[in-house]
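Per-entry structural report
The primary structure of each chain is shown beneath.
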Amino acid sequence: MSHSLRKVAVLGATGSIGGSTLDVIARHPDRFRATVLAAHSNVAALAELCVRFRPDLAVIADPTLEAELVRRLAAAGVRCDVASGHDAVTQAVSGDLCDTVVAAIVGAAGLDSTLAAARTGKRLLLANKESIVMAGALLLDALAVGGGDLIPVDSEHNAIFQCLPGGRPNLAASGVRRLILTASGGPFRGRTRAELAGVTPEQACKHPNWVMGRKISVDSATLMNKGLEVIEAHHLFGAAPDVIDVLVHPQSLVHSMVDYVDGSVLAQLGNPDMRTAIAHALAWPARIEAGVAPLDLAACAPLTFQQPDLATFRCLALAFQALRAGGDATAILNAANEVAVDAFLAGALPFLGIADLVESVLTELPPQAVVDVQTLNERDRTAREAARRILRNAC
Ligand code: NAD
Ligand code: MG
């Protein structure tokens, strides 16, 4: 079968999703070329990736590190263009250097580049869930303008995408009753609030099934990750909050499900390895080898499912609350959570304080209508300032 070579921009190339993406790309040099590699500040890792993947452009978001990147590339004999700064990432995805963008920057820092990829009609492989949580409606508008495809890379949404009819179907007209997002429950599943009071960042980052960046690992431990994913599913699939369910499934083999009115429940299963979702999204609608071991169900422990404990893991309840509140409440939730997770990782906030801080900021800043990205970025800043002030006053 003949297929054209996809030119892929990997944003967050030095991260966990970035690494998995480049692993899949390396397996298919006839299909994909990594033409743009972007990272925040790990200049040594970015330079090494440039040696291996020979992109046309390397972007380092921290402008103070541009000279060092240039020096390292020259020393290694790599000739590629170099750019630096936040806006350079956005510019890199907007032009002709790529037709496909893997949005794998962590946090709200990924919003501008995600929007630019959508607006310019690139195939958008969305891992950066914070951008859709912040600006879901604006991202959908940008996609409509650009006319490109958005293929979710988050494993749950990729699973649901695979279980739905093609395109962006109307759920009710397609006979969909519910979307069921599965959650591993994280490293602290089954614990009481008293048992969570003293947990450390190292314990929180030790996920039972997935190896991920530190921010999403903490989000998985609080269940905020699932909360962000409920909001993500709402926007991606046009699902009202009431038709989105969460089920804890500790084995992480069923990545999510779609429940249809005739009683059929379609699920997507696989080993917990992000390369499956990434390969699916890169090659869609084709299927390609991803380097993932085949699923041996007979060798797996029984698959179990249970309701989440919303009283202990309050972040999931707060995310539903923000989604129902509407307006920019989910952007406020996201900003407060990013500050709270940073503080927890720095040892400045106890684990249970993450939900408390998010709740305080949501209470202090009632939702406003989403107008445009500038206003949203201002509200993001306001929410971060409020969160930092509350943190300072608590100490
Ligand atoms: P990570 O911490 O491993 O990597 C983050 C990447 O983002 C790094 O390459 C870093 O250089 C880059 N980055 C950070 N700030 C930046 C900035 N200001 N400008 C440019 N680049 C910046 O994180 P990860 O686990 O790979 O997660 C990335 C995103 O994918 C997150 O939004 C996460 O929620 C989502 N996601 C991750 C997984 C997973 O299995 N790791 C699964 C689903 C979704
Ligand atoms: Mg996920």
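Please refer to the structure placed before this passage.
No experiment lies behind these values; they were computed from the predicted model shown.

1. Describing the site of ligand 1
Taken together, 22 residues lie around ligand 1, and Thr14, Ser16, His40, Glu130 and Gly213 are the ones closest in. Glu130 is positioned with one of its side-chain polar atoms (N or O) 2.7 Å from an oxygen atom of ligand 1. Measuring from an oxygen atom of ligand 1, one finds a backbone N or O atom of Gly213 at 2.9 Å. Contact with the protein chains hides 87% of the accessible area of ligand 1, taken as 830 Å² for the molecule alone. For the shell around ligand 1, the elements supplying multiple residues, two or more each, are α1 (16–27) and α6 (129–146).

2. A look at the coordination of the magnesium ion (ligand 2)
Taken together, Asp154 (OD), Glu156 (OE) and Glu229 (OE) make up the full set of protein donors to the magnesium ion (ligand 2), lying 2.1 to 2.2 Å away. As a motif over one chain, the donors of the magnesium ion (ligand 2) read D-x1-E-x72-E. When sorted by exposure, Asp154 lands in the same class as Glu156, which is buried.

3. Thoughts on the environment of Val361
Mapped onto the elements, Val361 comes out in helix α15 (residues 353–364). The exposure class assigned to Val361 is buried, which follows from its relative accessible area of 0%. Counting along the chain gives 21 residues from Val361 to Thr382, while the straight-line C-alpha distance between them is 9.8 Å. Non-local contacts of Val361, meaning those with residues more than four positions away in its chain, are made with Ile332, Ala336, Ala383, Ala386, Ala387 and Ile390.

4. A closer look at the nonpolar core
In this structure, Leu22, Leu37, Phe237, Leu333, Phe351 and Val361 are the most contacted members of the largest nonpolar core, which totals 135 residues. Sorting elements by how many residues they give to this core places helix α14 (residues 329–345) first, with 11 residues.

Cut-offs and rules
Residues numbered from 1 in each chain as written. Chains lettered and ligands numbered in written order. Predicted model: local features only at pLDDT ≥ 70, side-chain atom pairs only at ≥ 80, totals over all residues. Heavy atoms only, no water. Near = heavy atom within 4 Å. Polar contact = N/O pair within 3.5 Å; in protein donor to acceptor, adjacent residues only side chain to side chain. Areas by Shrake-Rupley, 256 points an atom, 1.4 Å probe, with all protein chains shown as cover. Helix = DSSP H or I, 4+ residues; strand = E, 2+ residues; numbered from the N terminus. Donors = N, O, S within 2.8 Å, 3.2 Å for Na, K, Ca; no water. Buried < 20%, exposed > 50% of the residue type's maximum accessible area, 1.4 Å probe, protein only. Contact = heavy atoms within 4.5 Å. Core = buried A, V, L, I, M, F, W, Y, C linked by side-chain atoms within 4.5 Å.

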